[in-house]
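Chain by chain, the residues:
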Amino acid sequence: MIRGVIFDMDGLLTDTEPVYYDIFNQILGEYGYSMTMQEYTQNICGRADMENFAYLIENYDLPIEIQDLAAKEAVIERNRIEQGVPLKKGVHEILSFLKENDIRIGLATSNLKEKAELILHVHGIFDFFETLVYVDEVGRGKPAPDVFLEAVRRLNLPKEDCLVLEDSVSGVQAAVNGNIPVVMVPDLKQPDEQIRSICTAVRKDLIEVRDYIANVK
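The structure contained in this document is the topic of the report that follows.

Some thoughts on the sheet that holds strand β5 (residues 182–184)
Step number 1: Sheet architecture is open: 6 strands sit in the order β3-β2-β1-β4-β5-β6, paired in parallel fashion. Looking at which strands have only one partner, the edges of the open sheet turn out to be β3 (131–134) and β6 (201–202).
Step number 2: Strand direction decides the pairing type here: strand β1 (residues 4–7) and strand β2 (residues 104–109), joined by 4 bridges, are parallel. In the strand pairing of β2, Phe7 is matched with Leu107.

Considerations on the nonpolar core
Step number 1: Judged by nonpolar contacts, the single largest core of 56 residues is most densely connected at Phe7, Phe129, Leu165 and Ile213.
Step number 2: Examining the composition of this core, we find that 7 residues originate from one element, helix α1 (residues 17–29), more than from any other.
Step number 3: Once you skip the residues sitting within four places of it in the chain, Leu165 turns out to touch Val5, Ile6, Phe7, Asp8, Leu12, Ile94, Val183, Leu206 and Val209.
Step number 4: With 22 residues, the next largest nonpolar core counts Ile6, Val135, Leu157 and Ala174 among its residues.

Considerations on the side chain of Glu166
Step number 1: By the element assignment, Glu166 lies in strand β4 (residues 162–166).
Step number 2: A distance of 2.7 Å separates the side chain of Glu166 from the side chain of Lys142, its partner in a polar contact.
Step number 3: At 3.3 Å, the side chain of Glu166 and the backbone nitrogen of Ser168 are in polar contact.
Step number 4: Once residues within four sequence positions are removed from consideration, Glu166 is found in contact with Asp8, Leu12, Lys142, Phe148, Gly171, Val172, Val182, Val183, Met184 and Val185.

Considering the side chain of Glu17
Step number 1: Along the polypeptide, Glu17 turns up in helix α1.
Step number 2: Although Glu17 is buried, it forms no salt bridge, and the closest oppositely charged side chain is Lys142 at an N-O distance of 8.6 Å.
Step number 3: Beyond its immediate sequence surroundings of up to four residues, Glu17 is in contact with Asp10, Gly11, Tyr40, Cys45, Gly46, Asp187 and Leu188.

Here we look at the pattern of salt bridges
Note on pairing: side chains with opposite charge can pair once their charged atoms come close.
Step number 1: By the definition in use, this model includes 17 salt bridges.
Step number 2: The salt bridge involving Lys142 is made with Asp8; its shortest N-O contact spans 2.8 Å. Separated by 134 residues along the polypeptide, Lys142 in the loop between α7 (135–138) and α8 (146–155) and Asp8 in the loop between β1 and α1 bring together distant segments of the chain. Residues Lys142 and Asp8 agree in their burial class; the two are buried.

Side note on unusual backbone geometry
Step number 1: Between Lys142 and Pro143 the backbone carries a cis peptide bond, its omega angle lying at 15°.
Step number 2: Within the fold, Pro143 resides in the loop between α7 and α8.
Step number 3: A positive phi angle, near 50°, is found at Asp61, a position not held by glycine.
Step number 4: If you trace the backbone, Asp61 turns up in the loop between α3 (49–60) and α4 (66–83).
Step number 5: For Asp61, a relative accessible area of 64% gives the class exposed.
Step number 6: Its identity as a non-glycine residue notwithstanding, Asn179 has a phi of 60°, on the positive side.
Step number 7: For Asn179, the location among the structural elements is in the loop between α9 (169–177) and β5.

Points about α1
In an α-helix, one turn spans 3.6 residues, which is why side chains three or four residues apart end up on the same side.
Step number 1: Under the 1.5 Å per step criterion, the end-to-end length of α1 is 18 Å for 13 residues, consistent within 8% with the ideal 18 Å.
Step number 2: Here the buried face of α1 lies against α2 (37–43), α3, α4 and α6 (113–122).

What counts as what
- Residues numbered from 1 in each chain as written.
- Predicted model: local features only at pLDDT ≥ 70, side-chain atom pairs only at ≥ 80, totals over all residues.
- Heavy atoms only, no water.
- Pairing = 2+ DSSP bridges.
- Helix = DSSP H or I, 4+ residues; strand = E, 2+ residues; numbered from the N terminus.
- Core = buried A, V, L, I, M, F, W, Y, C linked by side-chain atoms within 4.5 Å.
- Buried < 20%, exposed > 50% of the residue type's maximum accessible area, 1.4 Å probe, protein only.
- Contact = heavy atoms within 4.5 Å.
- Polar contact = N/O pair within 3.5 Å; in protein donor to acceptor, adjacent residues only side chain to side chain.
- Lys, Arg positive; Asp, Glu negative; His and termini not counted.
- Salt bridge = Lys/Arg side-chain N within 4 Å of Asp/Glu carboxyl O.
- Expected span 1.5 Å × (residues − 1).

This is the structure in structure tokens:
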């Protein structure tokens, strides 16, 4: 029985990955560099912000301290978010379904708190979530399971009664590392056979996930 659903955010609830890709390239462009979408998907997508900033500094030899890079990115990002970042297909439908069926809802994201809550409030979906766990609260980012394990703890449910929803490979690995069932909804990168084999299911969008939960709850 599924009694709790824990959502990832970027690429699952919100179509933010292309936005972040553009922001990272804007920053790299100031230093004469650019990043391919393949590199972004492989090395950035689904990971914690500070890990990504460290990656940029190290791999592009950027002459900037990590805190200064974080501040620069935050200014650009806030402007983009306030302009509007679209939700993914089926967000309102699945959140309403879970509420109507008394299935508890959590969020576990690699985002920092201020950024994540701004996006949720802009879209009017903040109040759907009973608990929200941010990577800076738990220490290790995905693929470590820390954010998901903390969300399960706060929901006060057995892991086997929870379901993680993820779009990224690192997120799927984080759920599996925490022994929590996970359904993948691929965004930028399609799962290979190895990733498919460790998922409880793979669905193309949140409408299909809603229907999946309806049939197994």
